[in-house]
Amino acid sequence: FFFCNAGLLELSLGKFRNVLLNQTNPVEAVIRNVASNVTVVIFQVHAQKSDVVISFDKNPSVNSSGTGVDKGLVSILRPQQSVCTWYLRALDASQVLSTAISIPYMEKDPIPGGCNLEFDLEVDPNIYLDYTLVDIHIKFAPANLGYTRGANPPSCDSATDQNSRWRLRYDVYQYFLPENDLSEMVLMSHIRKMSEVQSIKANGIKMLTLTTDDKTNVYFSSLPGQGVIYNVIVWDPLWNTSAAYIPVHTYACSFADLVDNCSSLSRLSTKVFFTAVAILGLFACFFGHRFWKTDLFFMGFIFAGFFFFVFITRVTGLSYDVRLILTAVAGLTGGLFLVASWWRFGSVLLCMFVIGLVLGFLFSSTVFFTPLGDYRVFRDDVVFWVTFSSVALMIPVLFVGCPRILNILASGIVGSYSVVLAIACYVYTSLAYITLDLLRRVLNDYFNRAYTNVPFQTNDFIILSVWAMLALSGVTVQLRRERSEVPFPPHPYLTWKRERERRSTNVLDPSHHIPPLRERIHSKIHHIKEFFQKEQPAGERTPLLL
């Protein structure tokens, strides 16, 4: 890259230049010798986290400037005009690394933001972005048809036929930055891939197409800590020409916050919670069926914890840490309840139904984690939840005749996925969103409008391989070890009752003469006390005389 921090920045059309900006000395950006067939020049500047002011004049006004990390202006060229000038400066006093480019368009190319009625600029090619921990919202002004230098712009609302701007189409693109990389230079090198039409089509992911009848705003699921670039290409089907808006980027997090910033997104409570769950899940992955009650406890913990977290989030305004602690308590209660239910009633079907539901929920979440989940039909909550529930219930129904295999599959797959969730607390991975997007859909009434596409890069392939290896190993080990064993342990309560009756009636059984529990406890305590008592002196000791 070539850096410029002088007061004058000479630009060439279509060429990026990096520039250091500050608040006190505006940089004048100039393009000379603009060709006569160019009717519009879009100038844009990008910074990672510090706002930049871009304007037509040295003294910016609301209607002639823009402020933000990704901003641009449209210069409508007059006849004979061959020079364009803009002014740049940082909003705060520190030096800001930015990159700038100017892109030319011809008379038949549509003009991004040419029919703006919502924002301050008369022609506004910018994409406006805001985010929460749940979703990202982008919106932009409608485009207008292109026209020659010196002519009046086509009317935006006088007609709605194919000879007006209503024939235009808008393709929305998404581009993911490398995972776990928050550096400025990485952003600067990748933002250029989303600035020009051909480069956007070659590198971006086309998410949807809007017509002029649609609202020019789109929602995406939020990916805190993951850099994402969005842009829109407006296409004129009559002339088969296109133009690009100003690309906009986000990490869905704050660089300035001291806690929960982009570099440390997971809280300590989250790490402790999911690390503990992962340890238990790893044990269940390899030994779940052998240690049946431990496996029941693990599945009951997940089942009860999930639904309790949803309930307490919906009905209370408690802080996240408090909700997580209460969820842990509810999970422990649910796990113990499932174990107690098995001990008292011994119903394999009831326990396997809960275990099958846990596996079914994970399987159904994985199905909707694929591009299938972004189909427009699933925007409808009724369609989504009926389909999701049907897929989830399919698992316990399919395995109703072979509960041992169902339990081994559930403990292997669910237990190994808990390890993935624990890894996600320390290193970004998109696999965590298999279940997180489901939780968002449950907790947020408007999450159905968000597109849930996520990156799948090197980290994700490695962690997916770890998940598959653990699941396959756990299931294989358990199947081989348990093939010659009884499917499930006998009913513990009935076994205990039979043993008690046998001891009370069979006097020849040595266990019949075992003292009651209270006497045994008192005897043990007495022996312990004797062990810690000092030996008392007994006077002179002499050997016994024979």
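Calculation criteria
- Every chain begins its residue count from 1, and numbering advances along the sequence as written.
- Owing to the predicted nature of the model, reporting of local features is limited to residues with pLDDT of at least 70; listing and counting of side-chain atom pairs is limited to 80 or more, with chain, interface and lining totals taken over all residues.
- Only hydrogens and water are set aside when side-chain values are computed; all heavy atoms of the structure are taken into account.
- Numbering of helices and strands starts at the N terminus; helices are DSSP runs of H or I of at least 4 residues and strands are runs of E of at least 2.
- Contacts: residue pairs with any heavy atoms within 4.5 Å of one another.
- With residues, only the protein chains shown are counted as cover, and all accessible areas are computed by Shrake-Rupley using a 1.4 Å probe.
- Axis lines are fitted to C-alpha atoms, over the contacting stretch for helices. Their N-to-C directions set the angle, which ranges from 0 to 180 degrees.
- Here the word oblique covers every angle except those under 35 degrees (roughly parallel), over 145 (roughly antiparallel) and from 65 to 115 (roughly perpendicular).
- Less than a right angle of anticlockwise turn of the near helix away from the far helix marks a crossing as left-handed, whereas a clockwise turn marks it as right-handed.
- A pair of strands counts as paired when DSSP detects no fewer than two bridges linking them.
- UniProt positions are given in the numbering used here, feature names are shortened, and annotations may be inferred rather than shown by experiment.
- By definition, disulfides here are pairs of cysteine sulfur atoms that lie within 2.5 Å.
- Exposed residues in this analysis have more than 50% of their type's maximum accessible area, buried residues have under 20%, and partly exposed residues fall in between, with area computed by a 1.4 Å probe over protein chains only.

Draft legend 1. Expanded view of the overall build of the chain. Scanning the chain for helices and strands turns up twelve helices and 19 strands. Taking contacts inside the chain between residues at least 6 apart in sequence as the whole, the part at least 24 apart equals 76%. Entry remark: accessible area of the chain is about 27,900 Å², with carbon and sulfur atoms responsible for 61%.

Draft legend 2. Spatial organisation of the packing of helix α6 (residues 348-369) against helix α8 (residues 403-424). Contact geometry of α6 with α8 gives a least axis separation of 9 Å together with a crossing angle of 40 degrees. Between α6 and α8, the interaxial angle falls into the category oblique. As α6 runs across α8, the sense of the crossing is left-handed. For the pair α6 and α8, the contacting residues are V348, M352, I355, G356, V358, L359 and L362 in the first and P403, L406, N407, L409, A410, I413, V414 and Y417 in the second.

Draft legend 3. Representation of the sheet that holds strand β11 (residues 127-131). Here we have four strands laid out as an open sheet, ordered β11-β12-β15-β19, and mixed in their pairing. The strands lining the two open edges of the sheet, one partner per strand, are β11 and β19 (450-451). Across five bridges, strand β12 (residues 135-140) lies against strand β15 (residues 217-221) in antiparallel orientation. Bridge pairing links I136 to F220 in β15.

Draft legend 4. How the structure looks around the UniProt feature "transmembrane region" (unreviewed entry) in the chain. Look at the UniProt record and you will see "transmembrane region" (unreviewed entry) annotated at residues 272-289, 296-316, 322-343, 350-370, 382-402, 414-436 and 461-479. Across residues 272-289, helical content stands at 89% and strand content at 0%; the span's end C-alpha atoms are separated by 26 Å. Counted over residues 461-479, helix gives 100% and strand 0%. Its end C-alpha atoms are 27 Å apart.

Draft legend 5. Summary view of the state of the cysteines. Applying the stated criterion across every chain yields a total of two disulfides. At a sulfur-sulfur separation of 1.9 Å, the disulfide partner of C115 is C156. Sign of the S-S torsion, about -95 degrees for the bond between C115 and C156, identifies this disulfide as left-handed. In this pair, C115 sits in the loop between β10 (96-105) and β11 while C156 sits in the loop between β12 and β13 (169-176), placing the two residues 41 residues apart along the sequence. Classification of C115 as buried rests on a relative accessible area of 4%. Judged by its relative accessible area of 19%, C156 is buried. The side chain of C253 participates in a disulfide bridge whose partner is C262; the two sulfur atoms lie 1.9 Å from each other. Looking along the S-S bond of the C253-C262 disulfide, the torsion reads about 110 degrees, which is the right-handed sense. Each member of the pair C253 and C262 is classed as buried. Described in terms of the sequence order of its bonded cysteines, the disulfide pattern of the chain is 1-2, 3-4.

Draft legend 6. Representation of unusual backbone geometry. With phi around 70 degrees, Q80 is a residue other than glycine that occupies positive phi space. Mapping Q80 onto the fold places it in the loop between β8 (70-76) and β9 (84-90).

Draft legend 7. Broad picture of the sheet that holds strand β7 (residues 65-68). Strand order in the open sheet made by the five strands is β2-β4-β9-β6-β7, with mixed pairing throughout. Strands at the two margins of the open sheet, each flanked by one partner only, are β2 (8-11) and β7. Pairwise comparison of adjacent strand axes, ignoring direction, gives a mean angle of 20 degrees for this sheet. Pairing of strand β4 (residues 27-31) with β9 involves five bridges; the strand directions are antiparallel. Each residue of the ladder has a partner; that of E28, found in β9, is Y87.

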